[in-house]
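Spelled out from the first residue to the last, the chains are:
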Amino acid sequence: MPASANATAGRPMAGSRAVAKEGGGAKAARTICASLAVALGLCVLVSFVPDNPYQRWQLAPRPLFQTVPWIYERIHFDPRPIDVVVVGPSKTFNGVNMAEVERRLAERARTVSVANFSLPAEGRNVNWAILEETFKAKSPKVIVIGVDALSVEYGHPAFKDIASAEAIAVPPAFLLHDYFYDLVHLPARQVALLFARFFPGLAGLRDAFDPAIYARTKSDFSEGRYVLEGKTIDMDAEVPADVLLRRPLSDPAQATTATTRLLMRCCNEGDERVYLKQIVELARAHGARLIFAFMPDYDDTRPVAARAFLSQYGEILDNGDLSRNSALYYNRQHMNHAGAVIVSDRLAALIAEGGPPPGAAR
Amino acid sequence: MSFTSPGFYLLLPAACIVFYWIPGRLRGIYLLVLSYAFYAAASRTYLVLLIVATATSFAIGLGIANARSETAKSRLMWLGVAAIVAMIVAFKAAGAMAGFLLPLGISYYSFKLISYLIEVYWDDEAVERDLVVFFLFPAFFPQIVSGPIQRPEAFFRQMREIMGRAASDAQIEAGFRFILGGLMLKLLIGDRLADVIVIIDGAHGDFTSATMAATVACYTLQLYADFAGYTNVALGIGKLFGVEGPPNFNAPFAAVNIQEMWRRWHMSLTSWLTDYLFTPLSMSLRDMRRAGLVLAIMLNMAIIGVWHGFILNYLVFGLLHGVFLATTVLVLAATRARGPVVAGGLAGAAAAGAGRVLTFGLMSFSQIFFHSGTWDQAISILAQVAGVGPSGSLTILDLGPGVALAALVCAAIALYVGGGAPGARWAAARLDGLAPRWLQYGVCAFLLVVLSDAGGAKFIYGGF
């Protein structure tokens, strides 16, 4: 028993600091540190257990990210090519109509297959992860990236679910905004995927492609009426301007906290630029053309963020002029089907203008 | 900042190291600053309320101890108790009517302050004249969110001790073990059960009566895992700072009747009410014999109910337990009056088993009211379980085989742990011979990381 345990109740003993320094608690501290080291070691070990990427791409929370498994299936199991791939946030998720782009390009005698792999919520890292997966099986010649009036300097919530362990553990820059958040989820994810390899039914993660499920999965959210996250969205509805204006503009303050600014000054350029550069590298490596589609809020006069930066790497499809037309929006941030058709037509025109045109090679 | 947030566990070791590194005489003030900072992180406005309530109780406590006449002592004690009760009643009533959030920990620290005033009234020697130690008593951060409700004398004594001694290896290791075990019970069992309960509750009319009955049983198991898990974390953090808190649970599912169950469930609250309300009340009503006893029980249990909040569901929960408890007490008294009860062998085991099942069933039945957000929801669930209300055809299997299996495993573990974990000591002793403690803790911490759903998990009793 430590000598200290004999201390009696009463006023503080003189020199108690000296007593404390003599090693009380040191053994317990060693035990705790050793156990934490064991836990950390096991976490590192399981983080790199091989997984089945098909199951991994089913981990993103549904219904918000219900198209993520479809994206993987479109890339790896659908024999159709992907000539034009669209990535971006919810603004391009329901602001680009795949069929409309294909139809317009077909009018110009170009048979093009378009895949809209945009996802709700911002975060450039997930766009990069999707494109990297796309290039594993397909060869898109045009990459369309949805951009906004503000740069979003944090990661996408689905990145931790779908990105490979290496992509999460070894990011392209130090101390990105969501690095630790994504990293702490990695061991749990890999254990869940390990379990799913042996018990896919119990884990609720399919390990075999089912064409019937693929065929009935909704993949285009720029038209019709659907329910997402409990909200009914009618893409054909026209919303009065005063109703649209009740919702505030996208808030730049969300994107740049003091910590983010500090990290961007010391360690990295922020998620947006870091992962855009990764996408640029990917595009260059595969000879793909980059188009940045600017999708403004309704009644927003702000221009596209970092125009000069984006112009270095690709063309900008500036839809800023559409922001004054309330008939093109279903809420302040998102276009309706009419808006999506206009954006898609413009996109098709821009794709057709540039060269080499997709589809021409076939 | 929650006891389940990773950020809290990054700060806790640093706070603990500083606590033992600074001179002993400064530890009290350091812990007080830490506790107030913890409270302020949740609510700066209500921190003022906590400080005012503490200062008032300190002054009244000194007044009671220094008063010359019994009448003056009594008046001061009643003044202090009435002021604190008025404060808690006002906030609970406003919370129920206006729906605003209660001050963090008000139900816990106000009971601590009341017990102090009554103790000083009973015995002048119980007065605490050290301002820092006294202010720390209600504010002590491991206990502020959801208890346990510690008695003043035990806290004051331990605080003085820790100011004069070094860290204890055994106590710190036990603290770490309690935190690990508590988090596992809360995050791996309680929260997993909660996930299933939320889904079924959200559309309970679509599920069969049997599934709903099983879900109602899960209410009890989830509440146990959540609250007992929290209590272990709170006790563990307290141990890291040299304070042993009172236990809150002692194998409640091993209880063979409802009276025993209440001696094993939320023990710091029930023992508090027994000492400061039930015993004085039953003594003053003893002339009424059994009617007085029943009245005291009903009043006691009604207060336990409304202590959780001023809504009808909690009152009904308390009154139901009052009926269960009064019936049990009267039946046991009548049984004993007929002669000594010989319980042994197979018949005794069967009787005990039946008693455990009945007790668990009664507890779960009352949980329908405790758990439901509204009276209508409680009645609707009750009708469905009884087979007289509308129900659907879905079963838990329709949520997916993995979900059903996980819920079953979690429920079984909660029942086993809440039943006293028979054989666990034996197994732990064998395990100690096979693997060192640090390895065992490390594996537990690893399981916690990979099996829990990291996020802002909340404690049920944090809302009271």
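Per-chain numbering applies: the sequence of each chain, read as written, is numbered from 1 onward. To read the labels, note that chains go from A and ligands from 1, taken in the order they are written. Under the rules for a predicted model, residues below a pLDDT of 70 receive no local features and side-chain atom pairs below 80 are neither given nor counted, while totals for whole chains, interfaces and linings still include all residues.

Enquirer: I'd like a description of the nonpolar core, backed by residues and values.
Expert: Counting 138 residues, the largest nonpolar core has Leu117(B), Leu136(B), Ile144(B), Leu193(B) and Ala414(B) as the members making the most contacts within it. Secondary structure elements follow DSSP: runs of H or I no shorter than four residues count as helices, runs of E no shorter than two count as strands, and numbering proceeds from the N terminus. Examining the composition of this core, we find that 17 residues originate from one element, helix H10 (residues 209-240) of chain B, more than from any other. Contact criterion: two residues are in contact if their C-beta atoms, reconstructed from the backbone, are within 7 Å. With residues near it in sequence (within four places) discarded, Leu117(B) still touches Ser57(B), Ile60(B), Gly61(B), Ile64(B), Met77(B), Gly80(B) and Val81(B). Ile75(A), Val96(A), Leu176(A) and Leu328(A) belong to the second largest nonpolar core, which has 68 residues in total. For our purposes the nonpolar core covers buried Ala, Val, Leu, Ile, Met, Phe, Trp, Tyr and Cys residues that link as a set through C-beta atoms within 7 Å. Labels follow a simple rule on C-beta atoms placed from the backbone: if 20 or more others lie within 10 Å of a residue's own, it is buried; if 12 or fewer, it is exposed; otherwise it is partly exposed.

Enquirer: An account of the packing of helix H13 (residues 289-307) of chain B against helix H14 (residues 312-337) of chain B is requested, with residue identities and associated values reported.
Expert: If you want to describe how two helices pack, look at the angle between their axes and the distance between the axes. Residue and element names in this part refer to chain B. Orientation is described by lines fitted to C-alpha atoms, with helices fitted over the stretch in contact, and by angles between N-to-C directions that extend from 0 to 180 degrees. One way to put it is that H13 packs onto H14 with a least axis distance of 7 Å and a crossing angle of 150°. On the basis of the axis angle, H13 is roughly antiparallel to H14. Crossing angle aside, the handedness with which H13 passes H14 is right-handed. Between H13 and H14, the residues in contact are Arg290, Leu293, Val294, Ile297, Met298, Met301, Ala302, Ile304, Gly305 and Val306 and Tyr314, Leu315, Phe317, Gly318, Leu319, His321, Gly322, Leu325, Ala326, Val329 and Leu330, respectively. Under the grouping applied here, Gly and all other residues not named as nonpolar or charged are polar, the nonpolar ones being Ala, Val, Leu, Ile, Met, Phe, Trp, Tyr, Cys and Pro and the charged ones Asp, Glu, Lys and Arg. Of the residues contributing to the contact of H13 with H14, the split by class is 16 nonpolar, four polar and one charged. In what follows, roughly perpendicular refers to angles from 65 to 115 degrees, roughly parallel to angles under 35, roughly antiparallel to angles over 145, and oblique to any angle outside these ranges. Two helices that cross are described as forming a left-handed crossing if the nearer one is turned anticlockwise from the farther one by less than a right angle, and a right-handed crossing if clockwise.

Enquirer: So what's going on with the sheet that holds strand E3 (residues 142-147) of chain A? Which residues, and what values?
Expert: Residues and elements named next belong to chain A. Sheet architecture is open: five strands sit in the order E2-E1-E3-E6-E7, paired in parallel fashion. Each edge of the open sheet carries a strand with a single partner, namely strand E2 (114-116) and strand E7 (315-318). With direction set aside, neighbouring strand axes in the sheet form an average angle of 20°. Strand pairing follows a simple DSSP-based rule, namely that at least 2 bridges must link the two strands. Pairing geometry for E3 and strand E6 (residues 289-294), over six bridges, is parallel. In the strand pairing of E6, Val142 is matched with Arg289.

Enquirer: I'd like a description of the pairing of strand E1 (residues 84-87) of chain A, backed by residues and values.
Expert: Residue and element names in this part refer to chain A. Every second residue of E1 is oriented toward a common face, with Val84 and Val86 on one face and Val85 and Val87 on the other, all of them buried. Pairing of E1 with E3 involves four bridges; the strand directions are parallel. Paired with Val85 across the strands is Ile143, a residue of E3.

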